[in-house]
Amino acid sequence: MRMAGKLLTAAALALALAALGAACAGGGDEEPEAPPATSITIRAVRALKWDQKKLTAAAGQPVTVTMVNEDTGVPHDFVIYRDSARTQVVAKTEQCTAPCQEQLRVTLPAGKYYYNCSIHPVEMRGELEAK
Ligand SMILES: [Cu+2]
């Protein structure tokens, strides 16, 4: 009965491996929330729109914002303000005419900020939270 013994062992091993695999694959820990980003990409899309109206950034550490302008032939920039009236500029990119991209680097204390494209301040605006 050596053969049967080997088969049993193989079956037990297969079961053990299957259980192990299930345990690994199961995981179960859903990512609670992505940590606030130190690298953000926002796109200017047709026509005169941002692809996101809310952004979240990591507070107290350098954050790179890349503005990708996909609004062909139209110039845009990306400006972050301290106040909702959008008068106190915190950081801004250069303007560029699509297709193009510009970057800014900024360190923001925790809080709420506001952004827009200063060329199209009414059409293209949003809010940024640093936390
Ligand atoms: Cu614009």
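Worth saying up front: this structure is predicted, and the values here are computed from it rather than measured. (Residues numbered from 1 in each chain as written. Predicted model: local features only at pLDDT ≥ 70, side-chain atom pairs only at ≥ 80, totals over all residues.)

Visitor: Just to check I follow, could you spell out the sheet that holds strand β4 (residues 62–69) for this structure?
Guide: Paired through backbone hydrogen bonds, the strands of a sheet run either parallel or antiparallel to each other. Pairing within the open sheet is mixed, and its 4 strands lie in the order β2-β1-β4-β9. Taken across any chain shown, the strands that pair with only one partner, and hence form the sheet edges, are β2 (49–50) and β9 (100–107). Relative to β2, strand β1 (residues 39–45) runs antiparallel, the two being bridged by 2 bridges. By the bridge assignment, Ala44 is partnered in β2 with Trp50. (Pairing = 2+ DSSP bridges. Helix = DSSP H or I, 4+ residues; strand = E, 2+ residues; numbered from the N terminus.)

Visitor: Whenever I open this one, the nonpolar core confuses me. Can you help?
Guide: In globular proteins that are soluble, nonpolar side chains generally tend to be buried together. In terms of nonpolar packing, the biggest core is built from 20 residues, with Phe78, Tyr113, Tyr115 and Leu128 touching the most fellow members. At 4 residues, the largest contribution of residues to this core is made by β4. (Core = buried A, V, L, I, M, F, W, Y, C linked by C-beta atoms within 7 Å. Buried ≥ 20, exposed ≤ 12 C-beta atoms within 10 Å, placed from the backbone.)

Visitor: Is there a simple way to think about unusual backbone geometry in this case?
Guide: Cis rather than trans, the peptide bond between Arg46 and Ala47 has omega equal to -20°. Among the secondary structure elements, Ala47 is positioned in the loop between β1 and β2. Note that the residue after Ala98, namely Pro99, is joined by a cis bond; omega there is 0°. With respect to the secondary-structure elements, Pro99 resides in the loop between β8 (96–97) and β9. Positive phi outside glycine occurs at Arg86, with the angle close to 60°. Relative to the elements of secondary structure, Arg86 occurs in the loop between β6 (79–81) and β7 (89–92). Judged by the 17 C-beta atoms lying within 10 Å of it, Arg86 is partly exposed.

Visitor: What is the right way to read the sheet that holds strand β10 (residues 111–116) from this model?
Guide: Taken in spatial order, the 5 strands line up as β3-β11-β10-β6-β7 in an open sheet, and their pairing is mixed. The strands lining the two open edges of the sheet, one partner per strand, are β3 (54–57) and β7. The average angle at which neighbouring strand axes cross in this sheet is 25°, direction not considered. Where β3 meets strand β11 (residues 125–130), 4 bridges bridge the pair, whose relative direction is parallel. Directly across from Lys54, in β11, lies its bridge partner Glu127. (Axes fitted to C-alpha atoms, helices over the stretch in contact; angles between N-to-C directions.)

Visitor: Help me understand the pairing of β1 in this model?
Guide: Bridging between β1 and β4 involves 6 bridges; their strand directions are parallel. Bridge pairing links Arg43 to Val68 in β4. Hairpin connection between β1 and β2: a loop of 3 residues separates the two successive antiparallel strands, and Leu48 in this loop has a positive phi of roughly 55°.

Visitor: Would you mind going over the environment of Gln101 with me for this structure?
Guide: Checked against the element boundaries, Gln101 lands in strand β9. In this structure the C-alpha to C-alpha distance between Gln101 and Ile42, which are 59 residues apart in sequence, comes to 9.9 Å.

Visitor: Help me understand the environment of Cys96 in this model?
Guide: By the element assignment, Cys96 lies in strand β8. A residue is classified by how many C-beta atoms lie within 10 Å of it, and Cys96, with 16 of them, is partly exposed. In the structure, Cys96 is positioned 23 residues away from Gly73 in sequence and 9.5 Å away in space, judged by C-alpha atoms. Once residues within four sequence positions are removed from consideration, Cys96 is found in contact with Asn69, Pro75 and Glu102. (Contact = placed C-beta atoms within 7 Å.)

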